[in-house]
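# Chains, contacts and geometry: an overview
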Amino acid sequence: MATGTAVEALPPPLKESGQREVFCGLTSIVWLHRRMPDAFFLVVGSRTCAHLIQSAAGVMIFAEPRFGTAILGERDLAGLADANEELDRLVAQLLARRPEIRTLFLVGSCPSEVIKLDLAKAAERLNRQHTGRVTVLNYSGSGIETTFTQGEDGALQALIPLMPRSEQSQLLIVGTLADAVEDRLVSLFHRLGIERVASLPPRRSTELPAVGPGTQLLLAQPFLSGTARALLDRGATLIRAPYPFGVEGSRAWMAAAAAAFGVPPAQVAEVLDPLVERGRRALAPHRDTLAGKRLFLMPDSQLEIPLARFLSRECGMDLVEVGTPYLDRQLMAEELALLPAGTQLSEGQHVDNQLARLRAARPDLVVCGLGLANPLEAEGMATKWSIELVFSPIHGIDQAADLAELFARPLRRRAALAFV
Ligand code: SF4
């Protein structure tokens, strides 16, 4: 396994701006609504926004949906109709039809922002109209302000003012995890002797965890800069750790929490080392496929840096370029320190320039969005769709092999097809 490097050993990141090939923050509704089944996400936007969510959610739109779009028509956009009145009417209809909704998120979009529809005021007004029945919150998922996973950061920040205050000592895991992964991690924390473990977002939107000076935050996702800062403002402290991807990252993540709660390293080793052993064994066949392969990550979800760290250190891949839509140096410090010396980072995107670098480098595997994947495959490059990484359970030591498999699969498929 490669050793860590000082951050100074990394060349300065390329800062790029220009044409971007990324999702807007509305996309995060697709996993947030699954996490909190008693919440509803109402996008206030255009038909474009409705189409985006429908395409991203795929077949889920045919089940009982917990998200929808209040479509701003031409009369709203031209200022001829009172969009607020229409919104109130629509929300009243929705709540009458869906008595199980406890929290309603009004989600801002590019059109609602451009016509300066004040959704914070609308949420206040609707809260008064429906007191005791539902809590109405708002955040922006627009493409002007947010990229992909930043939508979750916005949604969680909207919940923070509603969290009760408590001084009690507790571990707060922040960021959406698959339920089964969360159960597993919480049971491991219990075995480490950390008794009070809560999660944000919770499984029920009305059962928000408390926060205060006794709360120690452990970020499960790297894209929660605003949420982390807002929780620190409520008195919590941040546990600094790499993110729980791969065997190494997940162990370090749990060990950092254990250290913050005074758990002796010997107990950490006793609980985690058998899992580490098993995780490494499960990873080995994927490492055989991935080792020595050159990897290029386009910016998408902010998961790129932790994934690049995992794929280089535990799977032996060579990093050509690691793109991220946004680089929060503070929250990424532990990850940056683990990247191999010389790793080229890029922040933001100028897609034509990036494609020119990509074509010149001809990497073995490109991690990118769906808009670029098939065209790049047609040019002879293997690709991995990055969206799968936010929908799959990839956190924790037990999931390390599954995570590696997501990257090994396109290479194996390519090899199998070449053989045929
Ligand atoms: S919020 Fe903006 S970027 Fe997102 S779908 Fe709507 S119009 Fe497009």
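Below: a short report on this structure. (Residues numbered from 1 in each chain as written. Predicted model: local features only at pLDDT ≥ 70, side-chain atom pairs only at ≥ 80, totals over all residues. Heavy atoms only, no water.)

### Points about the packing of helix α8 (residues 179–191) against helix α10 (residues 246–260)
Threshold: The axes used here are C-alpha line fits, helices contributing only the stretch in contact, and every angle between their N-to-C directions lies in the interval 0 to 180 degrees. Each helix is a run of DSSP H or I of at least 4 residues and each strand a run of E of at least 2, with the numbering of both proceeding from the N terminus. For classification, angles of less than 35 degrees are called roughly parallel, those exceeding 145 degrees roughly antiparallel, those between 65 and 115 degrees roughly perpendicular, and all remaining angles oblique. Each crossing is labelled by how the near helix is turned from the far one, with a counterclockwise turn of less than a right angle marking it left-handed and a clockwise turn marking it right-handed. Whether two residues are in contact is decided by their heavy atoms: any pair within 4.5 Å suffices. Lys, Arg, Asp and Glu make up the charged group, whereas Ala, Val, Leu, Ile, Met, Phe, Trp, Tyr, Cys and Pro make up the nonpolar group; the residues left over, Gly among them, are polar.
Put simply, α8 and α10 touch, their axes get as near as 11 Å, and they point 45° apart. With respect to each other, α8 and α10 are oriented oblique. The interaxial crossing formed by α8 with α10 has right-handed handedness. Contact with α8, carried on its side by Leu185, Leu188 and Phe189, involves Trp253, Met254 and Ala257 of α10 and no other residues of that element. Grouping the constituent residues of the contact of α8 with α10 by class yields six nonpolar, no polar and no charged.

### Considerations on the site of the ligand
The cut-off we apply is this: Proximity criterion: a residue is near a molecule or strand once any of its heavy atoms comes within 4 Å of it.
Near the ligand the following residues occur: Cys24, Leu26, Cys49, Leu52, Ser109, Cys110, Pro111, Ser142 and Gly143. Listed by contribution, the elements that provide at least two residues to the shell around the ligand are α2 (47–57) and α5 (110–114). Counted by class, the shell around the ligand contains six nonpolar, three polar and no charged residues.

### Thoughts on the packing of helix α7 (residues 150–159) against helix α9 (residues 225–233)
One way to put it is that α7 packs onto α9 with a least axis distance of 7 Å and a crossing angle of 20°. Taken together, the axes of α7 and α9 lie roughly parallel to each other. Counted together, Asp153, Leu156 and Gln157 of α7 and Ser225, Gly226 and Thr227 of α9 form the full contact between these two elements. Taken together, the residues that form the contact of α7 with α9 break down as one nonpolar, four polar and one charged.

### A few points about the side chain of Thr215
Basically, it comes down to this: Whenever a nitrogen or oxygen atom comes within 3.5 Å of another N or O atom, the pair is scored as a polar contact, on the condition that within protein one atom can donate a hydrogen and the other can accept it, and that pairs from neighbouring residues in sequence are kept only if both atoms are in side chains.
One can find Thr215 in strand β8 (residues 215–219). Polar side-chain contacts of Thr215 include one of 3.1 Å to the side chain of Gln170. Setting aside its immediate chain neighbours within four residues, Thr215 contacts Gln168, Gln170, Leu172, Ala210, Ala236 and Thr237.

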